[in-house]
Amino acid sequence: MQAPYQATLAFAQQQDHNDPLRAFRDQFYFPQHNGRDTLYFTGNSLGLQPKSAEAALLHELEHWKTHGVEGHFRGEMPWMYYHKFLTAQTAHVVGAKEEEVVVMNTLTTNLHLMMVSFYRPSSERYKIIMEAGAFPSDQYAVESQVCWHGFEPEQAIVEVAPRAGEETLRTEDIIAVIEKHGEETALVLFGGVNYYTGQFFDLPAITEAAHRVGAYAGFDLAHAAGNVLLHLHDWNADFAVWCSYKYLNSGPGGPSGAFVHERHGNNPKLPRFAGWWGHDESERFLMHKGFKPMQGAAGWQLSNAQIFSFAVHKASLDIFEQATMPALRAKSERLTGYLEFLIRELHKSEERYHLLTPSDPAARGCQLSIFTPRNGKKLFDYLSENGVVADWREDHLHGEPTAPGEAGVIRVAPVPLYNSFQDVFEFAELLKAYS
Ligand SMILES: *Cc1c(COP(=O)(O)O)cnc(C)c1O
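Here the structure is a predicted model, which means the values were calculated and not measured. (Residues numbered from 1 in each chain as written. Predicted model: local features only at pLDDT ≥ 70, side-chain atom pairs only at ≥ 80, totals over all residues. Heavy atoms only, no water.)

Participant: A description of the overall build of the protein should follow, citing residues and the corresponding values.
Facilitator: Counting secondary structure elements, the protein contains 14 helices and 17 strands. Rg of the C-alpha trace for the protein: 22 Å, near the compact-globule value of 22 Å for 435 residues, within the 12% margin. If one aligns the C-alpha atoms of the protein with their principal axes, the spans along those axes are about 70 × 60 × 45 Å. Expressed as a percentage of the 435 residues in the protein, the buried residues total 56%. Counting only contacts in the protein whose residues sit at least 6 apart along the sequence, the fraction spanning at least 24 positions is 70%. Carbon together with sulfur atoms contributes 53% to the accessible area of the protein, which is approximately 18700 Å² in total. In the protein, the 36 positive side-chain charges and the 53 negative ones have mean positions that sit 2 Å from each other. (Helix = DSSP H or I, 4+ residues; strand = E, 2+ residues; numbered from the N terminus. Rg over C-alpha atoms; globule rule 2.2 N^0.38 Å. Buried < 20%, exposed > 50% of the residue type's maximum accessible area, 1.4 Å probe, protein only. Contact = heavy atoms within 4.5 Å. Areas by Shrake-Rupley, 256 points an atom, 1.4 Å probe, with all protein chains shown as cover. Lys, Arg positive; Asp, Glu negative; His and termini not counted. Charge placed at Lys NZ, Arg CZ, Asp CG, Glu CD.)

Below you can see the structure in the form of structure tokens.
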């Protein structure tokens, strides 16, 4: 049994003291505000820099300096095989077999590459079902894929929106929409955790429903990878993509990861866009004609690895390997639960804002989205002036837009690797002091 939450600094400090992951905080650099660590809650946007990143990057610069082109074959981690040094740890983060994952490119690029293989519409089956209010890049990727195949976005893209008066999606409604469009559905593409509301969708239920109507199920895990527990293999997802610079702390523009379920990864006939790095490794340098894909997700690679960004990613994955996702998730539920508790305590006197994010821990990751009906930007600016790093998004959920800065969302993500219960407590104290 965990002790019930208390709204005191002593309680928060006690929680930190008992936290088996507390030492990980020291492995990261915190931006400073007035000579102390900021209350950094934007790991959902750009994770903090691991202190080990610099040495990892310098190591590869040194390797290049010393070996030139021979760096591809020398050293403990020769560049020729670099992507392989990331697969085991990546597989642990997303719940996959090693052959099912590969690190390559960037997120939106990989989303397109996966849709090349998994969105091949016919005149009968051409629809893509996705959540309303998906991240804009995903909306543009889907729209352009649909147009590229000669379909009309208005007909081909089906968005599942919350019910009137509600702010998040019900799984039963997602499934009903999939069933309604049935055999016209080519692909069901959902975010794992919605970037705006913080809702973590029921990915196994969505996958099952998609497969029941003969469609593929793919996921954008940008806000889920490194945040929630994923079991992509067991859930039977067809594909997934994610980025590494949010919860995975691998730096701005860091590389993306992709998952292709083994039943597809081992099918060399599955259409794809090819490049030499996805070609059978034993023949890659024979420069023969005729593409022969590698087994697994590796067969979707196009280019040789971006070593400098991969090196930083590797340094970060090493930390995840030490901390382990189950331990991170256990702390995360407790930490985000504490933030929710403190916000609800404040509500007892006055309701100036409410949480969009579901209160069921199974239906969210670490992020809480605080909705402010009016004057939200002012509250956000006050928090920023007091050393909080969070972010502000104008409202797009509640119909008629208000004047800029009025209705909107402050997204706050206490990250279990480096945020503390004291961070959360201090944030809530700032909210309390605001009037
Ligand atoms: C962050 C994010 C992106 C960003 O895409 P990039 O290609 O990495 O710039 C795309 N989709 C979702 C859902 C995101 O959260």
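Participant: Can you tell me about the site of the ligand, naming the residues and giving the values?
Facilitator: Near the ligand the following residues occur: Leu107, Thr108, Phe135, Asp138, Asp220, Ala222, His223, Tyr245 and Lys246. Thr108 places a polar side-chain atom, nitrogen or oxygen, 2.6 Å from an oxygen atom of the ligand. Between the ligand and His223 there is a distance of 3.2 Å, counted from an oxygen atom to a side-chain nitrogen or oxygen. Contact with the protein chains removes 82% of the 400 Å² of surface that the ligand exposes when unbound. Here the shell around the ligand is built from residues that sort into four nonpolar, two polar and three charged. (Near = heavy atom within 4 Å. Polar contact = N/O pair within 3.5 Å; in protein donor to acceptor, adjacent residues only side chain to side chain. Nonpolar A, V, L, I, M, F, W, Y, C, P; charged D, E, K, R; others polar.)

Participant: If you had to explain helix H7 (residues 171-181) to someone new, which residues and values would you point to?
Facilitator: By the burial criterion, the buried members of H7 are Asp173, Ile174, Ile175, Val177, Ile178 and His181. Looking one or two residues past H7, Gly182 carries a phi angle of roughly 35°, positive in sign.

Participant: Please give an account of the sheet that holds strand E12 (residues 256-260) that cites residues and values.
Facilitator: Strand order in the open sheet formed by seven strands is E6-E12-E11-E10-E9-E7-E8, and the pairing between neighbours is mixed. The sheet is open, and its two edges are formed by strand E6 (101-104) and strand E8 (157-160), each paired on a single side. Going from strand to strand, the sheet's axes swing by 20° on average, the running direction of each strand aside. Packed onto the sheet, helix H3 (residues 84-94) meets E6 and strand E11 (239-243) and runs at close to 115° relative to E6. The strands touched by H7 are strand E7 (127-131), E8 and strand E9 (185-191); relative to E8, the strand with the most contacts, the crossing angle is about 155°. (Pairing = 2+ DSSP bridges. Axes fitted to C-alpha atoms, helices over the stretch in contact; angles between N-to-C directions.)

Participant: Residue-level account of the domain arrangement of the protein, with values.
Facilitator: Per the domain assignment, the segments of the protein are domain 1 (9-44 + 325-433) and domain 2 (55-323). A separation of 28 Å is found between the C-alpha centroids of domain 1 and domain 2. Interface of domain 1 and domain 2: buried area, both sides summed, is about 2500 Å²; carbon and sulfur atoms make up 60% of it. There are zero salt bridges connecting domain 1 and domain 2. At the junction of domain 1 and domain 2, the tally comes to 12 residue pairs in polar contact (both at pLDDT 80 or more). Within the residue set of the side of domain 1 that touches domain 2, elements represented by two or more residues are helix H12 (325-347), strand E13 (354-355), strand E16 (391-394) and strand E17 (408-412). The element that contributes the greatest number of residues to the side of domain 1 that touches domain 2 is H12, accounting for five residues. Of the residues contributing to the side of domain 1 that touches domain 2, the split by class is 19 nonpolar, 10 polar and six charged. (Domains from an automatic or database assignment. Buried area = accessible area lost by both parts, 1.4 Å probe. Salt bridge = Lys/Arg side-chain N within 4 Å of Asp/Glu carboxyl O.)

Participant: Describe unusual backbone geometry, with residues and values.
Facilitator: Of note in this structure, Asn34 is not a glycine but carries a positive phi near 50°. Here Thr324, not a glycine, exhibits a phi torsion of approximately 70°, which is positive. When you line up the elements, Thr324 lands in the loop between helix H11 (307-323) and H12.

Participant: Before we move on, could you go through the packing of aromatic side chains and cite the residues and values that matter?
Facilitator: For the structure on display, the rule yields 22 aromatic pairs. Arranged with centres 5.7 Å apart and planes meeting at 80°, the rings of Tyr82 and Phe85 form a pair that is edge-to-face. What makes Tyr82 buried here is its relative accessible area of 1%. Clustering of aromatic rings is evident, with ring pairs tying together Tyr5, Phe11, Tyr338, Phe341 and Phe421. (Phe/Tyr/Trp six-rings, centres within 6.5 Å; stacked < 30°, edge-to-face > 60°.)

Participant: Explain a nonpolar patch on the surface to me, using residue names and the numbers behind them.
Facilitator: The grouping of Leu57, Leu58, Leu61, Trp64 and Phe308 at the surface amounts to a nonpolar patch, some 450 Å² of accessible area in total. Looking at the nonpolar patch, the element that brings in the most residues is helix H2 (residues 53-67), giving four residues. Within the element layout of this structure, Leu61 appears in helix H2. Look at Leu61 and you get partly exposed, because its relative accessible area is 34%. (Patch = residues over 30% accessible without salt bridge, like charges linked within 9 Å, V, L, I, M, F, W, Y side chains within 5 Å.)

Participant: Describe the sheet that holds strand E14 (residues 368-372), with residues and values.
Facilitator: The strand order across the open sheet formed by four strands is E13-E14-E17-E16, and the pairing between neighbours is antiparallel. The two strands at the open ends of the sheet, each matched to only one other strand, are E13 and E16.

Participant: Would you mind going over the pairing of E9 in detail, with residue names and values included?
Facilitator: Burial analysis of E9 places seven of its seven residues in the buried class, the great majority of the element. Direction of pairing for E7 relative to E9: parallel, over a ladder of four bridges. Of the residues in E9, the one forming a bridge with Lys127 is Thr185. Here five bridges tie E9 to strand E10 (residues 216-220), and the two strands are oriented parallel to one another. Bridge pairing in E10 links Leu187 to Tyr216.

Participant: Pulling in residues and values, what's your account of the environment of Gly254?
Facilitator: On the secondary structure map, Gly254 appears in the loop between E11 and E12. Using a relative accessible area of 2% as the deciding quantity, one classes Gly254 as buried. The spatial distance from the C-alpha of Gly254 to the C-alpha of Ala311 is 10.0 Å, given a sequence separation of 57 residues. Look past the residues within four positions of Gly254 in its chain and what remains in contact with it is Thr106, Ser244 and Tyr245.

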